[in-house]
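Residue strings, one per chain:
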Amino acid sequence: MSESLNRELAEAVGAEHVLVDPEVTIGYGTPWAAVDGVAPAAVVRPGNAAEAAAVLRACAGHGARVVLQGGNTGMVRGGVPASSAEVVLSTARMGAIEDVDRESLQVVAGAGTTLEALQARLEPEGLELALDLGARSQATLGGMAATNAGGARAFRHGTMRRHVVGVEAVLADGTVIERLGGVLKDSTGYDWPSVLVGSEGTLALITRLRLRLRRIERSRAAALVPVDSLAQGLALAVALRDRPAGLEAAEFVLPGTLRLVCDELDLRPPFGDREPADRERPLVLLEARAAQGAYDLLAEALAEHPEAERAVLAEGAEALGLWRYREGTGEALARHRVVKLDVALPLARLAEGVAATERAALDAAGPIHPYLFGHLLDGNVHINLGDVPDDRRAAVERAVLETVLAHGGSIGAEHGIGRAKVAWLAADRSPADIAAMRSLKQALDPQALLNPGVLFD
Ligand code: FAD
Ligand code: 2HG
Ligand code: ZN
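Residues numbered from 1 in each chain as written. Chains lettered and ligands numbered in written order. Predicted model: local features only at pLDDT ≥ 70, side-chain atom pairs only at ≥ 80, totals over all residues. Heavy atoms only, no water.

Asks: How would you summarise the overall build of the chain if you had to cite specific residues and measurements?
Replies: Counting its secondary structure elements, the chain contains 16 helices and 18 strands. A compact globule built from 457 residues would reach a C-alpha radius of gyration of about 23 Å, and the chain, at 22 Å, matches this within 12%. Principal-axis analysis of the C-alpha atoms places the extent of the chain at approximately 70 × 55 × 45 Å. Relative to its full complement of 457 residues, the chain shows a buried share of 54%. Taking contacts inside the chain between residues at least 6 apart in sequence as the whole, the part at least 24 apart equals 74%. (Helix = DSSP H or I, 4+ residues; strand = E, 2+ residues; numbered from the N terminus. Rg over C-alpha atoms; globule rule 2.2 N^0.38 Å. Buried < 20%, exposed > 50% of the residue type's maximum accessible area, 1.4 Å probe, protein only. Contact = heavy atoms within 4.5 Å.)

Asks: Help me get a handle on the side chain of His-415, residues and values and all.
Replies: On the secondary structure map, His-415 appears in the loop between helix H14 (393–406) and helix H15 (425–428). If sequence neighbours within four positions are ignored, His-415 has contacts with Met-75, Val-76, Thr-147, Glu-200, Asp-342 and His-382.

Asks: So what's going on with the sheet that holds strand S1 (residues 18–19)? Residues and values would help.
Replies: On the basis of which strands lie adjacent, the open sheet formed by four strands has the order S1-S2-S4-S3 and mixed pairing. On the outer flanks of this sheet lie S1 and strand S3 (66–69), each paired with one strand and no other. Here three bridges tie strand S2 (residues 42–44) to strand S4 (residues 87–90), and the two strands are oriented parallel to one another. In the sheet register, Val-43 faces S4, and the bridge partner there is Val-88. Each of S2, S3 and S4 touches helix H3 (residues 49–62); the most contacted strand, S4, lies at about 170° to it. (Pairing = 2+ DSSP bridges. Axes fitted to C-alpha atoms, helices over the stretch in contact; angles between N-to-C directions.)

Asks: Lay out the pattern of salt bridges with the relevant residues and their values.
Replies: The final tally for this structure, using the stated rule, is 33 salt bridges. A salt bridge links Arg-93 to Glu-51, with the shortest nitrogen-to-oxygen separation between them at 3.4 Å. In this pair, Arg-93 sits in the loop between S4 and strand S5 (97–101) while Glu-51 sits in helix H3, placing the two residues 42 residues apart along the sequence. Judged by relative accessible area, Arg-93 falls into the partly exposed class, the value being 33%. Across the pair Glu-86 and Arg-419 runs a salt bridge, and its minimum N-O distance is 3.4 Å. Of the two residues, Glu-86 sits in the loop between S3 and S4 while Arg-419 sits in the loop between H14 and H15, which places them 333 residues apart along the sequence. Across the pair, Arg-419 and Glu-86 agree in class, each one buried. Bridged by salt links that share partners, the residues Glu-128, Arg-153, Arg-214, Glu-217, Arg-220, Glu-248, Glu-287 and Arg-289 form one connected network. (Salt bridge = Lys/Arg side-chain N within 4 Å of Asp/Glu carboxyl O.)

What follows is the structure, given as structure tokens:
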């Protein structure tokens, strides 16, 4: 990086917030749970939109490309640099949570606020963002908006798109746009949240967000249910979803993944000494929430389903213990080198599509280890393939994603395209679609400075 750019960045944010030591910056250049990082030219940490605008103006003046980064938990390499010439703009200092608007049930928070920090701030007020994910301690609101994150509650409350009602953002040339008023009836032109949510940092840096909240239902209960097949698990989840009592999550873990989680995290299998065959069945995790009595509601609902007779139920803190078998997947998989795919299938073709993708992966790569789990009622399947020989990685990815497309599914369900899936965009979106997306990029970032190589090659 040139000395003059370094000086301008230091003027913009203070020298202490411009990091250039490769031993420090390599951390920002390495994707979550990966080892192959690139130390960027610098990491710059503006504290607000004005500072961020000065940073982006300086970078634009020098033609320096900028990678936007929140918590760096993204799974498609969108928030890490591809080359040591790039500058990382980190939102780590944009973590302020402003007053909670109890009348409109909204809050404004900085893009660098972690989901966990927001949850901790809202909990005493009896409020929450109705979206949750396992990376909550690191994932930021800006990153979640940029990727249109989904998580476990999306089937009921929607993805991040439904929760963002206003944004403040900085364009590549340093222009600040702001629409944070939170008026829901506002049809006065382009709606910036609609444009920026899911844009993966290719159009603008989000600096603040106004989010829709809801009242917390404090009674929580969960059940782990071994089922005979994924199709049976889905039918059970659909039946519970359609009851008036509040089903808030329906997740699944296939047996190979459950074994991995138990081995890696040293967990006792959930069914203890009961029917050992249960450990070899698909596992469905159901969570109910209510103002009170969630445990009874869930138990009553499950009692109507003989296929759920072997369910293990828990409430309160113990219910969180049951989540470990599902959320532990991240930690367990982080210890393995896997081909990571994130797909969604239409519910009507879920079981058939999952079987076909597993078959396609094995045909393409031989005796590999497929680890499958995900968000059942979204048809969202996380496919992690272990022990894939290096020379089969591309072929196995193609085999799986083509099978998903042939089943009418999506090849980027909730993690996005990033850099990792760029080659696949054209398989899922039409040439006209992609041309229109490129026009938008050209209009807002004509020098193509933001997140180079993300979404488009
Ligand atoms: P980063 O990784 O820092 O960035 C992600 C993308 O957003 C990049 O393209 C980056 O450039 C862009 N970006 C970041 N901040 C901004 C900003 N302020 N303005 C514009 N662009 C920005 N995802 C789900 O959807 N559902 C899950 O259930 C889920 N579970 C996860 C569990 C684990 C254990 C892990 C590690 C990840 C999980 N993820 C999940 C993926 C990830 O957490 C989410 O995608 C999250 O939204 C990323 O947030 P982040 O702050 O870490 O973003
Ligand atoms: C989850 O739901 C995340 O746990 C991560 O989306 C998925 O590790 C994965 O493949
Ligand atoms: Zn997920």
